[in-house]
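Chains, contacts and geometry: an overview
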Amino acid sequence: MRYEVKALRGSGGPTALILNAADANDATAQAVAQGYTVIAIKAKQSLIVWSKPRKTKFPLVLFSQELLALLDAGLALVEALETLAEKELRPGVKNTLKQIVECLYEGHPLSYGLQQSEADFPPLYVAAVRASEKTGALSEALARYVTYQLQMDGIRQKVVSASIYPVLLAGVGGLVMIFLMLYVVPRFSHIYADIGGDLPFMSRMLIGWGQLISDHSDGLMIGIVLLIASLIYLVTRTSFKQWLTHAIWRLPTIGPRLHLYQLARFYRSLGMLLRGGMPVVTALKMVADLLQMSLRDQLELAAASIREGQSISQSMERNGLTTPVALRMLRVGERTGKMGEMMERIASFYEEEMARWVERFTKLFEPLLMVFIGLLIGGIVVLMYFPIFELAGSIQ
């Protein structure tokens, strides 16, 4: 979240800062760490409800990879950023890099330049850079973030690619059924209107549906438009999204997997920050937004226990943020002092498990979906042709 901070620095006058922070206390801590005395702080609210999207999305992973390569080649940070700005052809990205360079020339750290730039850098990225500034290991922080983002993108791509074919299949099947029910069946109903005879119940229902569509086509179109408008309105409502998310999480098979995915992303992000040298309580605040709302409350309780002196493994276990495997690995991390590395291993373990589950689910779901759609379409066609069979029997 973005906060507007009014502060003093040295003998200068008041200045206004815009900081990305987890909460007001985090924003205050950031300002104090940069040498400011905070006067007032408030959440920055946008007065424009419908704001225009940014013209150019900042290529964060590519930027990090190129900056890492230049730093490893021996260039200073300012020289590396100036080099990236000179070779950049996109005006939006070029301006962002120039703004960051200007902040560095003014004596500010890189994390401050990232926060003040026009590009909306993720708070997790800014936090990783800020932690590296205390240890002087910016290259390692960039390498860890690139690895983290590529791994998260890889999981997302696996899920998306696995769902493309079922979505296309369901979409095409749905369009075919809509075409049959709204176009073909009404025309068949006119042909069968005078046939009579002892037709099966489902065929009579189908013919009645066709006649209803033909007699009330205008009202049906208005109803469809209103239904689509209502769905669009519901999708834009935060309360509906929360209800839908809660309903999905309560599904018997999908819910536990979503919980596991959230924990994997949580441990991956937390491990990256801990390896960068960030204190565990501060890191927990930074990754809280990655969790679902119900898990955020549990995370706050776990953070409170850690502040009181409880171990990380005990606090996570007590508040439902572990699994048996994760708990044992956390205990190993506490004994060896490599908690950040152990959390990343926990994330890798569950990411691989999620990938295997998605593959198995897709292999089982695709044929079942094909059979279901085939039965629906085939059933409609057979019910439409029952009157023809009846007519052929009466002629004989």
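Residues numbered from 1 in each chain as written. Predicted model: local features only at pLDDT ≥ 70, side-chain atom pairs only at ≥ 80, totals over all residues. Heavy atoms only, no water.

1. Section: the pattern of salt bridges
- This structure, assessed with the given rule, holds nine salt bridges.
- When the shortest N-O distance is used, the salt bridge between Lys 87 and Glu 66 registers 3.0 Å. With Lys 87 in helix α3 (residues 77–87) and Glu 66 in helix α2 (residues 60–72), the pair connects residues that are 21 residues apart, well separated along the chain.
- Overall, the relative accessible area of 40% leaves Lys 87 in the partly exposed class.
- Among the ionic pairs, Glu 344 bridges to Arg 275, the shortest N-O distance being 2.8 Å. You can see Glu 344 sitting in helix α16 (residues 339–395) and its partner Arg 275 sitting in helix α11 (residues 254–275), a full 69 residues away along the chain. (Salt bridge = Lys/Arg side-chain N within 4 Å of Asp/Glu carboxyl O. Helix = DSSP H or I, 4+ residues; strand = E, 2+ residues; numbered from the N terminus. Buried < 20%, exposed > 50% of the residue type's maximum accessible area, 1.4 Å probe, protein only.)

2. Description of a nonpolar patch on the surface
- A cluster of nonpolar side chains, contributed by Leu 175, Ile 178, Leu 182, Trp 209 and Leu 212, occupies part of the molecular surface with about 450 Å² of accessible area.
- If you list the elements that add at least two residues to the nonpolar patch, you get α7 (138–192) and α8 (201–215).
- Residue Leu 212 is classed as partly exposed on the basis of its relative accessible area, which comes to 42%. (Patch = residues over 30% accessible without salt bridge, like charges linked within 9 Å, V, L, I, M, F, W, Y side chains within 5 Å. Areas by Shrake-Rupley, 256 points an atom, 1.4 Å probe, with all protein chains shown as cover.)

3. Let's talk about the sheet that holds strand β3 (residues 37–43)
- A sheet is described by the order of its strands in space; here three strands give the open sequence β2-β1-β3, paired in antiparallel fashion. What marks the edges here is a single partner per strand, and that holds for β2 (15–20) and β3. With strand direction ignored, the average angle separating the axes of adjacent strands in the sheet is 30°.
- Note: strand β1 (residues 2–8) against β2, six bridges, orientation antiparallel. Bridge assignment links Lys 6 to a residue of β2, and that residue is Ala 16. (Pairing = 2+ DSSP bridges. Axes fitted to C-alpha atoms, helices over the stretch in contact; angles between N-to-C directions.)

4. Here we look at the packing of helix α6 (residues 123–135) against α11
- The N-to-C vectors of α6 and α11 enclose an angle of 20°; their axes lie 9 Å apart at closest approach. With respect to α11, the element α6 is oriented roughly parallel. As α6 packs across α11, the resulting crossing turns out to be left-handed. Seen from α6, the contacting residues are Leu 124, Ala 127 and Ala 128; seen from α11, they are Ser 269, Met 272 and Leu 273.
- When its residues are assigned to classes, the contact of α6 with α11 shows five nonpolar, one polar and no charged. (Parallel < 35°, antiparallel > 145°, perpendicular 65-115°, else oblique. Left-handed = near helix turned anticlockwise from the far one by under 90°. Contact = heavy atoms within 4.5 Å. Nonpolar A, V, L, I, M, F, W, Y, C, P; charged D, E, K, R; others polar.)

5. Examining α2
- The end-to-end C-alpha distance of α2 is 18 Å, a good match for the 18 Å that 13 residues give at a rise of 1.5 Å each.
- Looking only at α2, the buried set comprises Leu 60, Val 61, Phe 63, Ser 64, Leu 67, Leu 68, Leu 70 and Leu 71.
- The positive-phi residue at the C-terminal boundary of α2 is Gly 74, with phi of around 105°. (Expected span 1.5 Å × (residues − 1).)

6. Points about the packing of aromatic side chains
- For the coordinates displayed, the defined rule picks out seven aromatic pairs.
- For the ring pair Phe 58 and Phe 63, a centre distance of 5.3 Å and an interplane angle of 65° mean the geometry is edge-to-face. The same class applies to Phe 58 as to Phe 63, namely buried. (Phe/Tyr/Trp six-rings, centres within 6.5 Å; stacked < 30°, edge-to-face > 60°.)

7. Concerning the pairing of β1
- Judged by which residues are buried, β1 turns out to be one-sided: Tyr 3, Val 5 and Ala 7 face inward and are buried, whereas Arg 2, Glu 4, Lys 6 and Leu 8, on the alternate face, are not.
- Of the strand pairs in this sheet, β1 and β3 are connected by six bridges, and their pairing is antiparallel. Residue pairing for β3: Glu 4 is matched across the bridge by Lys 42.

8. What about the side chain of Arg 130?
- For Arg 130, the location among the structural elements is in helix α6.
- A relative accessible area of 13% means that Arg 130 is categorised as buried.
- With residues up to four places along the chain from it excluded, the contact list for Arg 130 reads Gln 30, Ser 111 and Gln 115.

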